[in-house]
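# A closer look at the structure
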Amino acid sequence: MSTAAGIPFSVLDRSRTRQGQDGPTALRDTVRFARRIEALGYHRFWVSEHHSVPGVAGSAPTVLAAAVAAATSTVRVGTGGVMLPNHQPLVVAEQFGVLESLFPGRIDMGLGRSVGFTDGIRAALGRDKRDAEDFPGQVAELLGYFTGTQTAHPQVHARPAEGLRVPAFVLATGKGARVAAGAGLPLVIAAVRGEDAMLRAIDEYRRDFRPSLWGERPYVVLSGTVAVAATTEEARRLLLPEAWSSVYSRTRGVFPPLVPVDTVLATAMTDRERTLFEDASRGQLHGTADEVAAGLEKLITRSAADEFLVTTSTYDTAALVDSYERLAALLGLGSTGT
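Below is a summary of the structure that appears in this document. (Residues numbered from 1 in each chain as written. Predicted model: local features only at pLDDT ≥ 70, side-chain atom pairs only at ≥ 80, totals over all residues. Heavy atoms only, no water.)

### Brief notes about the pattern of salt bridges
- Enumeration according to the criterion identifies 17 salt bridges in this entry.
- Between R36 and E325 there is a salt bridge whose closest N-O contact spans 2.8 Å. Taken together, the residues R36 in helix α1 (residues 23-40) and E325 in helix α12 (residues 317-331) connect sequence positions 289 residues apart.
- Note on R36: relative accessible area 14%, which makes it buried.
- Overall, E325 belongs to the partly exposed group, its relative accessible area being 24%.
- Linked through salt bridges whose partners overlap, the residues forming this network are R44, R76, D108 and E307. (Salt bridge = Lys/Arg side-chain N within 4 Å of Asp/Glu carboxyl O. Helix = DSSP H or I, 4+ residues; strand = E, 2+ residues; numbered from the N terminus. Buried < 20%, exposed > 50% of the residue type's maximum accessible area, 1.4 Å probe, protein only.)

### Notes on the environment of Q19
- If you trace the backbone, Q19 turns up in the loop between β1 (9-13) and α1.
- Along the chain, Q19 and D119 lie 100 residues apart, while their C-alpha atoms are 26 Å from each other.
- Every residue in contact with Q19, bar those within four places of it in the chain, is listed here: P257, L258, V259, P260 and Y315. (Contact = heavy atoms within 4.5 Å.)

### Quick word on the pairing of strand β2 (residues 44-47)
- In β2, alternate side chains face the same way, and those of R44 and W46 on one face and F45 and V47 on the other are all buried.
- The pairing of β1 with β2 spans three bridges and is classified as parallel. Its bridge partner being in β2, L12 is matched across the sheet by W46.
- Relative to strand β3 (residues 76-79), β2 runs parallel, the two sharing four bridges. By the bridge assignment, R44 is partnered in β3 with R76.
- Traced from β2 through helix α2 (residues 61-71) to β3, the parallel crossover comes out right-handed. (Pairing = 2+ DSSP bridges. Right-handed = clockwise from strand over helix to strand, strands pointing away.)

Right, dumping it as structure tokens:
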């Protein structure tokens, strides 16, 4: 058995909107997609938090997680993640306490450090950039509501969270790896700044990890795009709509709905846009089943990761499902039938 086939594989879906499609449709697609991912044998299904973003419908991750959990029965369900600086820790604890009470043993609490994308969004949320500075304290307060040991607000208890144990994960944005190590929590990390930088951050996390009630040892979840198709070119095409959305957001300040591959290829790009587009398409695992298997083997061996969280999205939902089916088959996951 390969190294890749020996660890759990999970899925993050951002509820991406697509050209000609509205947000409610994207959210219903996420729930349907979760049922398919469960049938394929993936370990977790996570949803994300974005505010005032045209290209993402998922603005309330705990609400969407409840819908996904209600529509499934075995896959673990969680957030990748709740952006803790946007919220009061008490409210987050209460929400996850409700989720765990309704779906015991299936809920994950992924936590991120980001705040709203623009000044206007932050103002609407009642937050500013400084709210991300005390992320370690926010995490400690949140976990304290579950153990009944938080001291930020004496005599305040999170019901029904207190006494429950919802697995918590920290997304490695900013100083997230350091926070995860200090709190004794699993780390979710992607090669945003390149593979070598990611591997250094993982080494530091493992070195500085302090065992806690939430984790006895370091646990690393690699996060990244994986596209599998019948040919290398077909797999490459799957990546293009997301790559163009990334370019559009970096040059116009708005993350747009996904557009078809042919639209991307027909788009006249400036030199800067072309450079950003090529950069956005690099460093992602794509190809035939054999090519992807080899790439995963190398990456997981180098990182000694405990789990892989696949974050692929594209305009063509049928091609997206096909990619996840092919990946499940090469990993030897559960049934690939309908």
